Amino acid sequence: MSVPIANLPVAQRPRERLLLLGPHALSDVELLALLLGQGTRGQSALELAAQLLGEYGGLAELAAARPEELARRAGIGPAKAATVIAAFHLGTRSRITEAVPRLSSPADIARVAVPLFAGARVERLLVLICDTQHRLRHRAFVAEGAIDHVAVPVREILNTVLRHDGRAFAVVHNHPSGDPTPSADDRRAGTLLARAADLVGLRYLDHLVIAGESWSTAPPLD
């Protein structure tokens, strides 16, 4: 029979343990149980957390789950799914340096972008918006595609840059296949972006393709 967390001895309850000993003293299951808050009928939050981690194979795999995928699970639902996904993404963002980076090279772009694609299982398109000195002002995902394709919405990209008062920008997308080699379509997209940016007075910096921790530039086709 499941034992509700409220019926456990105080020294075994995740919340009390965190407040007394700090978060590092808690297991992955206990931390996840705190995010879930409550379990379901016949299953405590600790048991639900353990089941989730067991089914996905660990934290990294759970972090890659899509919100709608989690929301369909019994005992989770939209609210808990949103809480879990938000917590993982806050953790990812906290690892990005607080200093305002300057995107002076493809390596600078990669340092900013790679953590933002952690766990992504479909292609996504990121725009990095900069000022006149190439200092990063804003990050925005503008498109998401199927497992191996995302369209490049040139107009939406430019509108996003202008809406955030940008003067220069770089675009980054991922290859879930694991191969960062840019395709001909990737390079053609760079050509379109470079030309369109010039027409509206923006500076196009680069187009990177990311696969895990690896990346490549996608130079425009002549």
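Residues numbered from 1 in each chain as written. Predicted model: local features only at pLDDT ≥ 70, side-chain atom pairs only at ≥ 80, totals over all residues. Heavy atoms only, no water.

### Let's talk about the overall build of the protein
Phase 1 of the analysis: Helix and strand counts for the protein come out as nine helices and five strands.
Phase 2 of the analysis: Helices and strands in the protein line up, N terminus first, as α-α-α-α-α-α-α-β-β-α-β-α-β-β.
Phase 3 of the analysis: When contacts within the protein are restricted to residue pairs at least 6 apart in sequence, long-range pairs at least 24 apart make up 58% of them.
Phase 4 of the analysis: Approximately 12,200 Å² of the protein is accessible, and the part contributed by carbon and sulfur atoms is 53%. (Helix = DSSP H or I, 4+ residues; strand = E, 2+ residues; numbered from the N terminus. Contact = heavy atoms within 4.5 Å. Areas by Shrake-Rupley, 256 points an atom, 1.4 Å probe, with all protein chains shown as cover.)

### Brief notes about a nonpolar patch on the surface
Phase 1 of the analysis: Together, L162, L199 and V200 make up a nonpolar patch on the protein surface, roughly 300 Å² of accessible area in all.
Phase 2 of the analysis: Here L199 lies in helix α9 (residues 184–199). (Patch = residues over 30% accessible without salt bridge, like charges linked within 9 Å, V, L, I, M, F, W, Y side chains within 5 Å. Salt bridge = Lys/Arg side-chain N within 4 Å of Asp/Glu carboxyl O.)

### Digging into the packing of aromatic side chains
Phase 1 of the analysis: Going through the model one piece at a time under the given rule, you end up with two aromatic pairs.
Phase 2 of the analysis: Ring centres 5.4 Å apart and planes at 80 degrees place the aromatic pair F117 and F141 in the edge-to-face group. One end of the pair, F117, is in the loop between α7 (106–113) and β1 (124–130); the other, F141, is in strand β2 (residues 136–144), and 24 residues separate them in sequence.
Phase 3 of the analysis: Above the ring of F141, the side-chain terminus of R124 is found at 3.8 Å from the ring centroid. (Phe/Tyr/Trp six-rings, centres within 6.5 Å; stacked < 30°, edge-to-face > 60°. Lys NZ or Arg CZ within 6 Å of the ring centre and 35° of its normal.)

### Remarks on the pattern of salt bridges
Phase 1 of the analysis: Counted according to the given criterion, the structure contains nine salt bridges.
Phase 2 of the analysis: Between R17 and E30 there is a salt bridge, with the nearest N and O atoms lying 2.9 Å from each other. Separated by 13 residues along the polypeptide, R17 in helix α1 (residues 14–21) and E30 in helix α2 (residues 28–36) bring together distant segments of the chain. Judged on exposure class, the residue R17 and its partner E30 are both buried.
Phase 3 of the analysis: Among the ionic pairs, E69 bridges to R121, the shortest N-O distance being 2.7 Å. Taken together, the residues span a long stretch of sequence, with E69 in helix α5 (residues 67–71) and R121 in the loop between α7 and β1 at a distance of 52 residues.
Phase 4 of the analysis: Of the residues examined, R121 reaches a relative accessible area of 40% and is grouped as partly exposed.
Phase 5 of the analysis: Here the residues in one salt-bridge network are R66, E68, R124 and E144, joined through shared partners. (Buried < 20%, exposed > 50% of the residue type's maximum accessible area, 1.4 Å probe, protein only.)

### Concerning the pairing of β2
Phase 1 of the analysis: Here β1 pairs with β2 via seven bridges, running antiparallel. Within β2, the position partnered with I129 by the bridge is H138.
Phase 2 of the analysis: Linking two consecutive strands that pair antiparallel, namely β1 and β2, is a turn of five residues; a positive phi of about 65 degrees is found at H134 within it. (Pairing = 2+ DSSP bridges.)

### Points about the sheet that holds strand β5 (residues 214–217)
Phase 1 of the analysis: Pairing is mixed across the open sheet formed by five strands, whose spatial order is β2-β1-β3-β4-β5. Here the strands that pair on one side only, and so sit at the sheet edges, are β2 and β5. Averaged over all adjacent pairs, the angle separating strand axes in this sheet is 25 degrees, with direction ignored.
Phase 2 of the analysis: Across six bridges, the pairing between strand β3 (residues 168–174) and strand β4 (residues 203–211) is parallel. Residue pairing across strands places N174 opposite I210, the latter belonging to β4.
Phase 3 of the analysis: Against the sheet, α9 makes contact with β3 and β4, and its axis sits at roughly 160 degrees relative to β4, the strand it touches most. (Axes fitted to C-alpha atoms, helices over the stretch in contact; angles between N-to-C directions.)

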